[in-house]
Amino acid sequence: EYAAAFGGGGRELAPIDLACEAAMVGMLVGGAERGLIRSAHDVSEGGLAVAIAEACFNPEMSLGAEIDLAAHGLAETSELFGEGCSTVVISAAESNAAELMRIFGGHGLECRVVGRVIAEPRLRLLPLVAEDLSELRSVYERALPGRLAGGD
């Protein structure tokens with residue numbers, strides 16, 4: 001959808017590797033059962049940027065996220081909004097990061113730290129985005145009804 005709206009994206013999505021997908025789901029379940037994972041959100045509807053924002057939309061707790069996009073090679077819009085398969089944003093205590101990377105890596109799955117949860121209710125995808133989560137949530141919640149009603 002992003003490529004159709006904004007151009008580019010001449011690449012086709014890679015086919016789903018069912019063995020990889022099954023391993024990822026197994027590692028997510030195992031990590032959650034062991035208390036290593038606080039949350040997990042796939043990138044299938046809007047890509048990495050949307051998944052991170054959605055993960056911050058918690059009505060019970062106002063926490064934000066901060067990611068230095070350039071430091072992690074994530075500055076391209078296709079990387080921020082690409083909807084690839086077998087990609088999940090995980091939040092975990094910093095003390096659990098090494099164990100999660102060991103567990104996922106031991107099954108041939110890439111796992112890397114790209115950012116951190118912050119106490120301030122803001123989404124910082126630096127240097128591109130630094131927005132209040134309540135404003136982002138409002139835009140997010142109005143988007144589909146607005147499009148269905150014929151608005152922009």
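Residues numbered from 1 in each chain as written. Predicted model: local features only at pLDDT ≥ 70, side-chain atom pairs only at ≥ 80, totals over all residues. Heavy atoms only, no water.

S.K.: Give a description of the overall build of the protein that names residues and reports values.
M.R.: A count of helices and strands for the protein gives six helices and six strands. Each helix and strand of the protein, placed in order from N terminus to C terminus, yields the pattern α-α-β-α-β-α-β-α-β-β-β-α. Split into buried and exposed, the 152 residues of the protein put 26% on the buried side. Once local pairs closer than 6 in sequence are excluded, the contacts in the protein between residues at least 24 apart make up 75%. Only carbon and sulfur atoms are counted for the fraction: they give 55% of the accessible area of the protein, which is about 9,900 Å². (Helix = DSSP H or I, 4+ residues; strand = E, 2+ residues; numbered from the N terminus. Buried < 20%, exposed > 50% of the residue type's maximum accessible area, 1.4 Å probe, protein only. Contact = heavy atoms within 4.5 Å. Areas by Shrake-Rupley, 256 points an atom, 1.4 Å probe, with all protein chains shown as cover.)

S.K.: Requested: an account of unusual backbone geometry, with residues and values cited.
M.R.: Leave glycine aside and you will find that most residues have negative phi; peptide bonds, for their part, are mostly trans. Here the bond from Leu-126 into Pro-127 is cis, since omega is 10 degrees, no more than 30 degrees from zero. Mapped onto the elements of the fold, Pro-127 is located in the loop between β5 (122–126) and β6 (129–132).

S.K.: For the environment of Tyr-140, give the residues involved together with the corresponding values.
M.R.: Within the secondary structure, Tyr-140 is located in helix α6 (residues 133–148). Sequence separation between Tyr-140 and Glu-54 is 86 residues; the distance between their C-alpha atoms is 9.0 Å. Among the polar contacts listed, one links the side chain of Tyr-140 to the side chain of Glu-54, at a separation of 2.3 Å. (Polar contact = N/O pair within 3.5 Å; in protein donor to acceptor, adjacent residues only side chain to side chain.)

S.K.: Residue-level account of the side chain of Arg-124, with values.
M.R.: Take Arg-124: it is sitting in strand β5. A distance of 3.3 Å separates a polar atom in the side chain of Arg-124 from a polar atom in the side chain of Glu-66. Excluding residues that lie within four positions of it along the chain, Arg-124 makes contacts with Ala-65, Glu-66, Ile-67, Ile-118, Val-129 and Ala-130.

S.K.: Please set out the nonpolar core residue by residue, giving values where relevant.
M.R.: By size, the foremost hydrophobic cluster in this structure holds 18 residues, and its most contacted members are Ile-52, Ile-67, Leu-69, Val-89, Leu-123 and Leu-125. Looking at this core, the elements that each hand over two or more residues are α3 (47–56), β2 (64–68) and β5. Filtering out sequence-adjacent residues up to four positions away, Leu-123 remains in contact with Ile-52, Ala-53, Ala-65, Val-129, Ala-130, Glu-131, Leu-133 and Leu-136. Listed in part, the nine residues of the second largest apolar core include Met-24, Leu-28, Leu-36 and Leu-109. (Core = buried A, V, L, I, M, F, W, Y, C linked by side-chain atoms within 4.5 Å.)

S.K.: Residue-level account of the sheet that holds β5, with values.
M.R.: Reading across the sheet, the four strands line up as β4-β2-β5-β6 and stay open at both edges, with mixed pairing between neighbours. At either margin of the open sheet sits one strand with a lone partner, and together these are β4 (115–118) and β6. Shown here is a sheet whose adjacent strand axes are inclined to one another by a mean of 10 degrees, direction ignored. Across four bridges, β2 lies against β5 in parallel orientation. When the bridges of β5 are listed, Ile-67 appears paired with Leu-125. Where α6 meets the sheet, its contacts fall on β2, β5 and β6, and the angle it forms with β6 comes to roughly 90 degrees. (Pairing = 2+ DSSP bridges. Axes fitted to C-alpha atoms, helices over the stretch in contact; angles between N-to-C directions.)

S.K.: Account for the packing of aromatic side chains, with residues named and values stated.
M.R.: All told, the structure shown has one aromatic pair when counted by the stated rule. Ring geometry for Phe-57 versus Tyr-140: centroids 5.3 Å apart, planes at 55 degrees, classification tilted. With Phe-57 in the loop between α3 and β2 and Tyr-140 in helix α6, the pair connects residues that are 83 residues apart, well separated along the chain. Take Phe-57: its relative accessible area is 13%, and that puts it in the buried class. (Phe/Tyr/Trp six-rings, centres within 6.5 Å; stacked < 30°, edge-to-face > 60°.)

S.K.: Tell me about α6, and name the residues and values.
M.R.: For α6, spanning 16 residues, the distance from its first C-alpha to its last is 24 Å, which sits close to the expected 22 Å at 1.5 Å a residue. If you look at α6, its biggest bend is around 30 degrees, right at Arg-142, and the proline Pro-145 turns up within four residues after that. Directly after α6, the chain includes Gly-150, whose backbone phi takes a positive value near 95 degrees. (Expected span 1.5 Å × (residues − 1). Bend = angle between axes of the 7 residues up to and from the residue.)

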